[in-house]
Amino acid sequence: MKLRNVALAFFLMTGIFCAGAQGPDMAGLLHPKADSWPTYHGDYSGRRHSPLTQITPANVGKMGLAWAFQTGLNTQIKSSPLLADGVLYFTVPDNIWAVDARSGHMIWRYTYPPNPGLHIGQRGVGIYKGTLYFVTPDCHVVALDAKNGTVKWNVLVADVSKGYWMSMAPLVVGGHVIVGASGDFDNLTGMMKSLDPVTGAVQWEWNSTPPPGTPGQATGGATWMTGTYDPQLNLIYWGTGNPTPVLNGKVRPGDNLYTCSIVALNPDTGKLVWAFQPSPHDTHDWDAAEVPVLVDADFHGTPRKMLMQSSRNGYFFVLDRTNGKSLLTVPFGPVNWTKGIDAKGQPIPNPEKEPAPDGRLIAPDEGGMTNYRSPSFDPKTGLFVVDAHPSFSLYFAKPADGAYGWAGADYGLWGMGVIEAIDYQTGKIRWSHEVGQGGSGAGVLTTDSGVLFTGDGAGNVIALETATGKTLWHAGTGAGMQTSPMTYELDGRQYVLEGSGSVMFAWALPESMAAGN
Amino acid sequence: MSYERVLMLLAVVAGLVSVEGAGSPVKAGEMVQATAAAPDPGAQVYAARCSMCHQPTRAGLPPTFPSLIGIGSKYTEAQIAEIIHNGKGKMPKPLPELSNADVAALKHFLIAAPAASAAMPPAAATAVSVAVAGGQAHGVQAGDALFRQSCAFCHGRDAMGGESGPDLTRSKLVLSDVAGNKIADVVKNGRQNSEKKMPPFPFSDQEILDVSAYIHSQVEKANASAKKPGGRKGVDVSDLQTGNVEAGKAYFNGAGTCSTCHSPTGDLAGVATRREGLQLEMQMLYPRGAKSKGTVTTRAGEKVTGVVAYKDEFVVGLKTADGTYRSWNLDKVTYVEDAPVKKHAELFPNYTDKDIHDLMAYIQTLK
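Because the structure is predicted, anything quoted here is derived from the model rather than measured.

Caption draft 1: Broad picture of the overall build of chain B. In terms of regular secondary structure, chain B is built from 17 helices and seven strands. When the 367 residues of chain B are sorted by exposure, 42% land in the buried category. Taking all contacts inside chain B whose residues are at least 6 apart in sequence as the whole, residues at least 24 apart take part in 54%.

Okay, here's the thing in structure tokens:
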């Protein structure tokens, strides 16, 4: 090696180390740069909207594969990658990969040991000051050095033997790593915990329901999705899951607070500030866990701090997020389970549509009108775009099904995937784009240039014009997209990432077209 | 700057980096909780690099993957290090990112760990039984553990139905399965049509045997519970007998519009002898697997009709009468689809629950 080369290598090394591995601090999380995607949703608002504009409606047709990363596992990727300092981090249960965002080559891989928790999905990691936070199926939270995947600490936050498991991407808010647990097959209390980012010590715990065995009270209210955060109001917003027993509501009369709710908590104390309940007394497994999307805009001429949710139960909600008061409640597809909307803007469940021994026809189905994959809010058009799933199903429950865990049975009859663009001021559907029978399962990403990215039910990744829903580009990936896409720009080239099957795909314009070349 | 000084600086940089990498920002006093749960580093390396072949229990899958239990009495420490570094037979060399420290920790774990301990953090104590079950003890118990990890979310903890997955104790496929001969195909390949979206699972043959044994044991349990009337969970044929035959017949021929496409003496003759209960009711509401017919006219004027074998927004694939598959880009041809099944989807909003129960009563008379 010549001296010059050695010196060059040295400068390259120092350059890499100087730039690398500190990860975002609170300022980085509050104001993500174009070359970072530091939280599950990309930023705290949950809009899954990017200011990037290199890929446009006019040139997206030229987009092609930049790289693909093969996990080599037969497990669907359901996580949304994080990007910090040029390194992507994404997951499947028990696995984290750190991958070069420019080339798709693996930097390191962390594998958590075999464990008994439910391995249904893993949504990704959280990052703060060079440390990654990862939850495991057996309810550990593991903190790792983002540089090399070395474990810094590992703490137990829930008891897998009782029926809890974990799948969500932690939300980091300053000095708090906020995690939640899943669990539907046992009568468990839904809970969230905040951990110290340095030590893993528990700072607070919030329970969505009373302890199991409290007479007449529901359990449940799992907190299995990543919430959002308003730094001005200093509130985190979280959707909670269904009550338990799931399909048998007779043993848990009343609204079953705070299940199927959107809750606003103080991130420093875990104290509840307000709650709104999309599905009072749910008997159809319709978690209100879908992303609480935070939008600051006019509502009927008045500037508002809003929260929007396209809920699994089929309703689109717009709330004033300072106090949880309803601004709009309107279905975004066929629903047949309510008697109307109450004064608070909450649907009133029809007792006739509770699961019964001879079956009840219910719309939507148990997977819901939408599920955990992210919707996206496009500020320019004012459109809330969601992967919707109009559907019908049969729900059953009888005494032999009991009052523990699932406590009934339901069977989907038919469903269709439709990407819908909802006008948030009225709830009217401005356009809808069918993506195939059975549904798609892909999340939605909008960008400032007016292009959105999502997937169809046949395994195509598709780009649509945000204003009209018109198809601009597609590519077959060989498997359904189960992720919500994200995007970033590095060295003047914009990449769009989505996981289909067990492969992470990075799409981009040809290098010759990317700006600066 | 001299060559040596550059090298020295490089070494310092590298040293700093490794110190930074190894050093923990957490003070010892704050690590109490973490230490209790901190896994043996060798066990971690084992779980990540070795367990997929040699199994979490280190019992291996002989003869291809030998057992590593008691390896310390078979090989010297130096020989073990040699195998880890250079591989052996079909065993690959360790991946480049495996550091010397990793290899040392792994060696220590392989030699020191007692036979019963598996590669996992001590905090996950309950995991041991799973790993042991997965590697050594086979059968219902091992299948139960596997089922909980991979199947329970959709099919329920007890295999009698959960989120979106059917009750397996009533599945025709399960009931006709012998020791996994039918279940294996579904587990390995999943179900990837438009109505059933079960992902494939990378189970070993042994794991499929175990999980099948568990499912069959749950069928036995369900059958035992059925001895008491009304005692079985899930949907029984007797649960679906609340409708009125005459009202159903009237609905079939009138408001339901069923008779515009179907006839009780034609396509539906004997339908209740082929299916019963929930399967019959679901098929009545939406016939899964119904074939649609497509006709493509090319710009050159060629007209091709066949059964729709594939269709997305961009491409249609038809199977013609002689079994040939042909496909076209939809923007290059004229395409007309004859899909009578779509009528069923359009009818959903019209039904009351009583309509469905009455129709079911009537359809069940078509024997």
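Caption draft 2: Spatial organisation of the overall build of chain A. In terms of helices and strands, chain A carries two helices and 39 strands. Over its C-alpha trace chain A gives a radius of gyration of 22 Å, about what one expects of a compact globule, namely 24 Å for 517 residues. In terms of principal-axis extent, the alpha carbons of chain A reach across some 80 × 50 × 45 Å. Buried positions account for 67% of the 517 residues belonging to chain A. Of all intrachain contacts in chain A linking residues separated by at least 6 positions in sequence, the fraction that spans at least 24 positions is 58%. For chain A, the accessible surface area stands at approximately 15600 Å², while carbon and sulfur atoms represent 54% of it.

Caption draft 3: Here's a closer look at the sheet that holds strand E2 (residues 64–70) of chain A. All names here are of chain A. Pairing in this open sheet of four strands is antiparallel, and the strands run E2-E39-E38-E37 from one edge to the other. Lying at the two open borders of the sheet, with one neighbouring strand each, are E2 and strand E37 (486–490). Each strand axis lies, on average, 25° off the axis of its neighbour in the sheet, ignoring direction. Looking at chain direction, E2 and strand E39 (residues 503–508) are connected through six bridges and run antiparallel. Pairing of Leu-65 across the sheet is with Trp-507, part of E39.

Caption draft 4: Representation of the side chain of Asp358(A) in the model. With respect to the helices and strands, the residue Asp358(A) is situated in the loop between strand E26 (347–349) and strand E27 (360–362). Overall, the relative accessible area of 12% leaves Asp358(A) in the buried class. A polar contact of 2.7 Å, which involves the side chain of Asp358(A), links it to the side chain of Thr242(B). When neighbours within four sequence positions are excluded, Asp358(A) is seen to be in contact with Phe396(A), Asp239(B), Leu240(B), Thr242(B) and His357(B).

Caption draft 5: Region of interest: the pattern of salt bridges. Residue and element names in this part refer to chain A. Evaluation of the coordinates by the stated rule reveals 26 salt bridges over all chains. We note a salt bridge from Arg-102 to Asp-491, for which the minimum N-O separation is 2.6 Å. Of this pair, Arg-102 sits in the loop between strand E5 (95–100) and strand E6 (106–111) while Asp-491 sits in the loop between E37 and strand E38 (493–500), and the two are 389 residues apart along the sequence. Its relative accessible area of 57% is what places Asp-491 among the exposed residues.

Caption draft 6: Main features of the pairing of strand E14 (residues 202–207) of chain A. Residue and element names in this part refer to chain A. Pairing geometry for strand E13 (residues 191–195) and E14, over five bridges, is antiparallel. Considered in E14, the bridge of Met-192 is made with Trp-206. Between E13 and E14, which pair antiparallel and follow one another directly, the connecting turn spans six residues, one of which, Gly-200, has a positive phi of 80°.

Caption draft 7: Representation of the packing of aromatic side chains within the structure. All names here are of chain A. Tallying each qualifying case throughout the model produces 33 aromatic pairs over all chains. Both rings, one in Phe-377 and one in Tyr-424, keep their centres 5.6 Å apart while their planes meet at 70°; by these two values the pair is edge-to-face. Of this pair, Phe-377 sits in strand E28 (residues 376–378) while Tyr-424 sits in the loop between strand E31 (409–423) and strand E32 (429–437), and the two are 47 residues apart along the sequence. Accessibility assignment for this pair places Phe-377 and Tyr-424 in one class, buried.

Caption draft 8: Quick look at the sheet that holds strand E12 (residues 176–180) of chain A. Residues and elements named next belong to chain A. Strands sit in the order E11-E12-E13-E14 across an open sheet of four strands; the sheet is antiparallel. Edge strands, defined here as strands with exactly one partner in the open sheet, are strand E11 (171–173) and E14. Strand-to-strand twist across the sheet, computed as the mean angle between neighbouring axes with direction ignored, equals 20°.

Caption draft 9: Broad picture of helix H17 (residues 353–363) of chain B. Counting buried positions along H17(B) yields ten of eleven residues, so the element is predominantly enclosed. Asp353(B), Asp355(B), Ile356(B), His357(B), Asp358(B), Leu359(B), Met360(B), Ala361(B), Tyr362(B) and Ile363(B) are the residues of H17(B) that are buried. Buried residues in H17(B) make contact with E27 of chain A together with helix H13 (245–253), helix H14 (271–274) and helix H15 (277–285) of chain B.

Caption draft 10: Geometry of the environment of Lys470(A). Residue and element names in this part refer to chain A. Tracing the chain through its elements places Lys-470 in the loop between strand E35 (460–465) and strand E36 (471–476). Lys-470 sits 32 residues away from Ser-502 along the chain, and the two C-alpha atoms are 28 Å apart. When sequence neighbours within four positions are dropped, the list of residues in contact with Lys-470 reads Ala-463, Leu-464 and Glu-465.

Caption draft 11: Representation of the confidence of the model for chain B. Residue and element names in this part refer to chain B. Across chain B, pLDDT averages 81, with 80% of residues at or above 70. Confidence drops under pLDDT 50 across residues 6–37; counting only partners more than four residues distant or on other chains, this segment forms 35 contacts. Below pLDDT 50 for its whole length, residues 116–136 participates in 48 contacts with residues either more than four positions away or in separate chains. What the predictor reports for the complex is a pTM of 0.83 with an ipTM of 0.92.

Caption draft 12: Representation of the pairing of E37(A). All names here are of chain A. Within E37, four of the five residues are buried, leaving the element largely enclosed by the surrounding structure. Of the strand pairs in this sheet, E37 and E38 are connected by five bridges, and their pairing is antiparallel. Along E38, the bridge assignment pairs Tyr-488 with Tyr-495. Once E37 ends, the chain turns through two residues before running back antiparallel as E38, passing Asp-491 with a positive phi of about 50°.

Caption draft 13: Summary view of the environment of Gly266(B). By the secondary structure assignment, Gly266(B) is in the loop between H13 and H14. Through-space distance from the C-alpha of Gly266(B) to that of Ser217(B) is 41 Å; in sequence the pair is 49 residues apart.

Caption draft 14: Summary view of the packing of helix H5 (residues 77–86) of chain B against helix H6 (residues 100–112) of chain B. Residue and element names in this part refer to chain B. Packing of H5 against H6 leaves a shortest axis separation of 10 Å and a crossing angle of 130°. In terms of axis orientation, H5 runs oblique to H6. Crossing hand, H5 versus H6: right-handed. Note on element contacts: H6 touches H5 through Asn-100, Val-103, Leu-106, Lys-107, Leu-110 and Ile-111, opposite Glu-77, Ile-80, Ala-81, Ile-84 and His-85.

Caption draft 15: Expanded view of the nonpolar core. Judged by nonpolar contacts, the single largest core of 37 residues is most densely connected at Val60(A), Trp67(A), Leu88(A), Phe453(A), Tyr488(A) and Leu497(A). The residues contacting Tyr488(A), other than those within four sequence positions of it, are Ala34(A), Leu52(A), Trp67(A), Leu83(A), Leu88(A), Ala101(A), Arg493(A), Gln494(A), Tyr495(A) and Leu497(A). Formed by 36 residues, the second largest nonpolar core is a distinct cluster that contains Val235(B), Tyr251(B), Met282(B) and Ile356(B).

Caption draft 16: Highlighting the side chain of Ser279(A). Residue and element names in this part refer to chain A. Summarising the element assignment, Ser-279 is placed in the loop between strand E20 (272–276) and strand E21 (293–299). For Ser-279, a relative accessible area of 1% gives the class buried. Excluding its chain neighbours within four sequence positions, the residues that come into contact with Ser-279 are Cys-260, Trp-286, Asn-313 and Trp-337.

Caption draft 17: Main features of the packing of H13(B) against H17(B). Residue and element names in this part refer to chain B. Direction vectors running N to C along H13 and H17 enclose 100°, while the axes themselves pass 7 Å from each other. The orientation of H13 relative to H17 falls into the category roughly perpendicular. Here Val-245, Ala-247, Gly-248, Lys-249, Tyr-251 and Phe-252 of H13 lie close against H17, whose contacting residues are Lys-354, Asp-355, Asp-358, Leu-359, Ala-361, Tyr-362 and Ile-363. Per-class residue counts for the contact of H13 with H17 are eight nonpolar, one polar and four charged.

Caption draft 18: The arrangement of unusual backbone geometry in detail. Residues and elements named next belong to chain A. Here the bond from Leu-257 into Tyr-258 is cis, since omega is -10°, no more than 30 degrees from zero. Structurally, the position occupied by Tyr-258 is in the loop between strand E18 (243–244) and strand E19 (262–265). At His-281, a residue that is not glycine, the phi angle is positive and equals roughly 50°. You can call His-281 buried: its relative accessible area is 12%. Even without being a glycine, His-300 presents a positive backbone phi close to 50°. Its place among the elements puts His-300 in the loop between E21 and strand E22 (302–310).

What counts and how
Residues numbered from 1 in each chain as written. Chains lettered and ligands numbered in written order. Predicted model: local features only at pLDDT ≥ 70, side-chain atom pairs only at ≥ 80, totals over all residues. Heavy atoms only, no water. Helix = DSSP H or I, 4+ residues; strand = E, 2+ residues; numbered from the N terminus. Buried < 20%, exposed > 50% of the residue type's maximum accessible area, 1.4 Å probe, protein only. Contact = heavy atoms within 4.5 Å. Rg over C-alpha atoms; globule rule 2.2 N^0.38 Å. Areas by Shrake-Rupley, 256 points an atom, 1.4 Å probe, with all protein chains shown as cover. Pairing = 2+ DSSP bridges. Axes fitted to C-alpha atoms, helices over the stretch in contact; angles between N-to-C directions. Polar contact = N/O pair within 3.5 Å; in protein donor to acceptor, adjacent residues only side chain to side chain. Salt bridge = Lys/Arg side-chain N within 4 Å of Asp/Glu carboxyl O. Phe/Tyr/Trp six-rings, centres within 6.5 Å; stacked < 30°, edge-to-face > 60°. pLDDT = per-residue confidence, 0-100. Parallel < 35°, antiparallel > 145°, perpendicular 65-115°, else oblique. Left-handed = near helix turned anticlockwise from the far one by under 90°. Core = buried A, V, L, I, M, F, W, Y, C linked by side-chain atoms within 4.5 Å. Nonpolar A, V, L, I, M, F, W, Y, C, P; charged D, E, K, R; others polar.

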